[in-house]
Amino acid sequence: MTCTVNGVPRTADDVWEGESLLYVLRERLGLPGSKNACEQGECGSCTVYLDGTAVCSCLVAAGQAVGREVVTVEGLSGGPDAEPGPVQRAFLAAGAVQCGFCTPGLIVAVDDLLSRNPHPTDPQIREALAGNLCRCTGYEKIMEAVRLAAGGQA
Amino acid sequence: MERGEKGTTQNMRSISYSRVADVATAIATVTADPDAAYLAGGTTKVDMLRIYAEPSQRLVDINDLPINHIELQPDGAVRLGALARMNDVAMSPIVAQRYPLLAEALVLGASAQLRNMASMGGNMLQRTRCSYFRDHEAACNKRVPGSGCSALTGVNRGHAVLGTSEHCIAAHPSDAAVALSALDAVIHVQNRDGHHAYAIDDFFLAPEDTPEREHPLQHGDLITAIEIPPLPMARDSLYLKVRDRESYEFALVSVALALRVEGGAVAEVRMALGGVATKPWRARRAEHALLGRPATHEHFLHAAREETADAVPRSMNGFKIELARRTMVRALETVTARGGTP
Ligand SMILES: Cc1cc2nc3c(=O)[nH]c(=O)nc-3n(C[C@H](O)[C@H](O)[C@H](O)COP(=O)(O)OP(=O)(O)OC[C@H]3O[C@@H](n4cnc5c(N)ncnc54)[C@H](O)[C@@H]3O)c2cc1C
Ligand code: SF4
Ligand code: FES
Ligand code: FES
């Protein structure tokens, strides 16, 4: 299967048709940033962009991504060795990362929110992130991180 | 039934996938193969395949079909293509202005990521969240007809109290379908023989003694559009959803309501309930009790009691009857206090 991942055309071999996009990214393309926690659309830890739209990659059949553009959390900074992007910096600055399992999905969801709505209100932030579960932080630090990123202070 | 490592890879091994670009090919492809099924957003389908709740092996991806438009018709009706995404419908000014109850029902459903993927047609065909339906160890008449219903004596806090039978008490999960039911929407379907239109109330079937049948569609039938007739009073309408968490949860009870009060009396009313019934539940008894009566708390409560008079509580979900009454009354009072449509 061939699709563009983080701007680069990629081909994965031996993909079973119907396998999830999340599985292809993690196990076949070596991009473990997107996490697999629930695999049923409930936690958002697998959030990626598919043709510019934020989706849960655990519920996307690999075939659906063929020929399309995927951007993962790895694609939001310049790569594993590059500087973190602005949303990532805000998460670090606000102390919004504990175990970190939810973080990659949140980073993509926040990136998506801020690209559509650069100055969201608190209720708008809550609604946009309702599909991203975090068991550690109690969300207050996450709210702070989003406000920071929106204010361009990170 | 064994499950694969981490639930994914092994289960999906035998699944095939293809993409189609036009309606006729889509219908021909699925109709010809009993193991084939349409794939839209995948938010129900991929989930079901993973847990083996559905046997189909051949996914026919319909996302390239040109049936995703949101259009205002010359007669004032609004036509939603079956592939219109929940989010696009919710955000469409055409829908938000004319049918706020539908826009609200959509925004209050699932999460942003899921609404970006999920289609309106798929939403109508999503499967129940009854946990026994998804558990292969459990008896479930909906999954395996005749095997029994584990929920009758099991954990049934989330289950239905209206429209149930001794064969199944699963609540219908869709929020959008509840709003569409209040709006008298029409579901357009195409198959090899032509076109069919179903009034939404005839589309969803109560379980009776065939809980495996949830709608009248035959294998290969493609939903092409959902049409909403004009309803001027719906410009002041509301969707009230009560759930355990403030966000991102299926409804315990929901009420879709459009109401017009004139001279202190109910001149027009449409109401439907979610979370408490086996299908999107048009509250016709309550509507009947309200029409022409004073728009007061006392009459609202009377109508809500009428609607739930035949409700059948199970061991853990009796609270839903009172909750449904209160939610109906609150919805009626909220729209009345806003002043209704001018
Ligand atoms: C975690 C989670 C939370 C959710 N919360 C809510 C909620 O609060 N409220 C709510 O209403 N919904 C909720 N949903 C359900 C969600 O809205 C549905 O899964 C979604 O609408 C299904 O649409 P889809 O396009 O993804 O369908 P798919 O998964 O692609 O398809 C669903 C079914 O419909 C068939 N199908 C699809 N399109 C057509 C067509 N045009 N013609 C004929 N058959 C077709 C498929 O073959 C399949 O059987 C939730 C889902 C998840 C995973
Ligand atoms: S309520 Fe319906 S879906 Fe749930 S176990 Fe009983 S038969 Fe199955
Ligand atoms: S792993 Fe996809 S939503 Fe949880
Ligand atoms: S930091 Fe642990 S789940 Fe969010």
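Residues numbered from 1 in each chain as written. Chains lettered and ligands numbered in written order. Predicted model: local features only at pLDDT ≥ 70, side-chain atom pairs only at ≥ 80, totals over all residues.

A look at the site of ligand 2
- Neighbouring ligand 2 are 14 residues; C130(B), Y132(B), C140(B), C149(B) and C168(B) lie closest to it.
- Split into classes, the residues belonging to the shell around ligand 2 amount to ten nonpolar, three polar and one charged. (Near = placed C-beta within 6 Å. Nonpolar A, V, L, I, M, F, W, Y, C, P; charged D, E, K, R; others polar.)

A word on helix α3 (residues 103-116) of chain A
Residue and element names in this part refer to chain A.
- In a regular helix each residue adds 1.5 Å, so 14 residues correspond to 20 Å; α3 covers 20 Å between its end C-alpha atoms and thus fits that length.
- Most of α3 sits inside the fold, with twelve of its 14 residues counted as buried.
- Among the residues of α3, T103, P104, G105, L106, I107, V108, A109, V110, D111, D112, L113 and L114 are the ones counted as buried.
- Where α3 is buried, its residues contact β3 (47-50), β4 (53-56), α2 (86-94), α4 (122-128) and α5 (140-150). (Helix = DSSP H or I, 4+ residues; strand = E, 2+ residues; numbered from the N terminus. Expected span 1.5 Å × (residues − 1). Buried ≥ 20, exposed ≤ 12 C-beta atoms within 10 Å, placed from the backbone. Contact = placed C-beta atoms within 7 Å.)

Overview of the site of ligand 1
- Near ligand 1 there are 32 residues, and of these G41(A), G41(B), G109(B), G121(B) and G122(B) occur at the shortest range.
- Proximal residues around ligand 1 fall on chains A and B, making this an inter-chain site.
- Residue assignment for the shell around ligand 1 shows that the elements contributing at least two residues are β2 (36-39), α3 (45-50), α7 (112-117), α8 (120-124) and β8 (222-228) of chain B.
- Within the shell around ligand 1, the residues separate by chemical class into 15 nonpolar, 13 polar and four charged.

So, helix α2 (residues 23-32) of chain B
Residues and elements named next belong to chain B.
- Within the sequence span of α2, burial applies to A26, I27 and V30. The buried residues of α2 occupy an angular sector of 95 degrees when projected down its axis, which confines them to one face. Facing away from the buried side of α2 by more than 90 degrees, the exposed set consists of A24 and A32.
- Where α2 is buried, its residues touch β2, β3 (58-61), β6 (186-191) and β8. (Arc of directions from axis to C-beta.)

Side note on the sheet that holds β8(B)
All names here are of chain B.
- One open sheet accounts for five strands, arranged β4-β5-β8-β6-β7; its pairing is antiparallel. Bordering the open sheet on either side are β4 (70-72) and β7 (194-199), each of which pairs with just one other strand. For this sheet the average axis-to-axis angle between neighbouring strands, irrespective of direction, equals 20 degrees.
- Pairing analysis gives six bridges linking β6 to β7, with the strands arranged antiparallel. Counterpart to N191 in the pairing with β7 is G194.
- Each of β6 and β8 touches α2; the most contacted strand, β8, lies at about 125 degrees to it. (Pairing = 2+ DSSP bridges. Axes fitted to C-alpha atoms, helices over the stretch in contact; angles between N-to-C directions.)

Some remarks on the domain arrangement of chain A
Residue and element names in this part refer to chain A.
- One can read the domain layout of chain A as domain 1 (2-75) and domain 2 (86-150).
- Distance from the C-alpha centre of domain 1 to the C-alpha centre of domain 2: 21 Å.
- Taken together, the contact between domain 1 and domain 2 spans 14 residues of the former and eleven residues of the latter.
- At three residues, the largest contribution of residues to the side of domain 1 that touches domain 2 is made by β3.
- Class assignment of the residues belonging to the side of domain 1 that touches domain 2 gives a composition of seven nonpolar, five polar and two charged. (Domains from an automatic or database assignment.)

Some details on unusual backbone geometry
Residues and elements named next belong to chain A.
- Despite not being glycine, D14 shows a phi value in the positive range, around 60 degrees.
- With respect to the element layout, D14 can be found in the loop between β2 (8-11) and α1 (21-28).
- D14 sits in the exposed class, given 7 other C-beta atoms within 10 Å.

What about the packing of helix α12 (residues 297-308) of chain B against helix α13 (residues 319-337) of chain B?
Residue and element names in this part refer to chain B.
- Their axes nearest at 9 Å, the elements α12 and α13 cross at an angle of 140 degrees. Judged by the inter-axis angle, α12 sits oblique to α13. The two elements α12 and α13 cross, and the hand of that crossing is right-handed. Between α12, through H297, F300, L301, A304, R305, E307 and T308, and α13, the contact on the second element is made entirely by I321, A324, R325, M328, V329, L332 and E333. (Parallel < 35°, antiparallel > 145°, perpendicular 65-115°, else oblique. Left-handed = near helix turned anticlockwise from the far one by under 90°.)

A few points about the sheet that holds strand β1 (residues 16-19) of chain B
Residue and element names in this part refer to chain B.
- Strand order in the open sheet made by the three strands is β1-β3-β2, with parallel pairing throughout. Strand pairing shows two members of the sheet lacking a second neighbour, β1 and β2, which therefore form its edges. On average, each strand axis in the sheet is inclined to that of its neighbour by 25 degrees, with strand direction left out of account.
- Alignment of β2 against β3, held across four bridges, turns out to be parallel. Pairing of A36 across the sheet is with R58, part of β3.

Regarding the nonpolar core
- The biggest cluster of nonpolar side chains holds 161 residues, and the ones touching the most others in it are L101(B), L102(B), A179(B), A256(B) and L257(B).
- Beyond its immediate sequence surroundings of up to four residues, A179(B) is in contact with L101(B), L102(B), A105(B), Y239(B) and A256(B). (Core = buried A, V, L, I, M, F, W, Y, C linked by C-beta atoms within 7 Å.)

Focus: the pairing of strand β11 (residues 265-274) of chain B
Residues and elements named next belong to chain B.
- Buried residues dominate β11, accounting for seven of its ten residues.
- Here strand β10 (residues 253-262) pairs with β11 via nine bridges, running antiparallel. Within the sheet, the bridge partner assigned to L259 lies in β11 and is V269.
- In this sheet, strand β12 (residues 281-282) lies alongside β11 in antiparallel orientation, the contact comprising two bridges.

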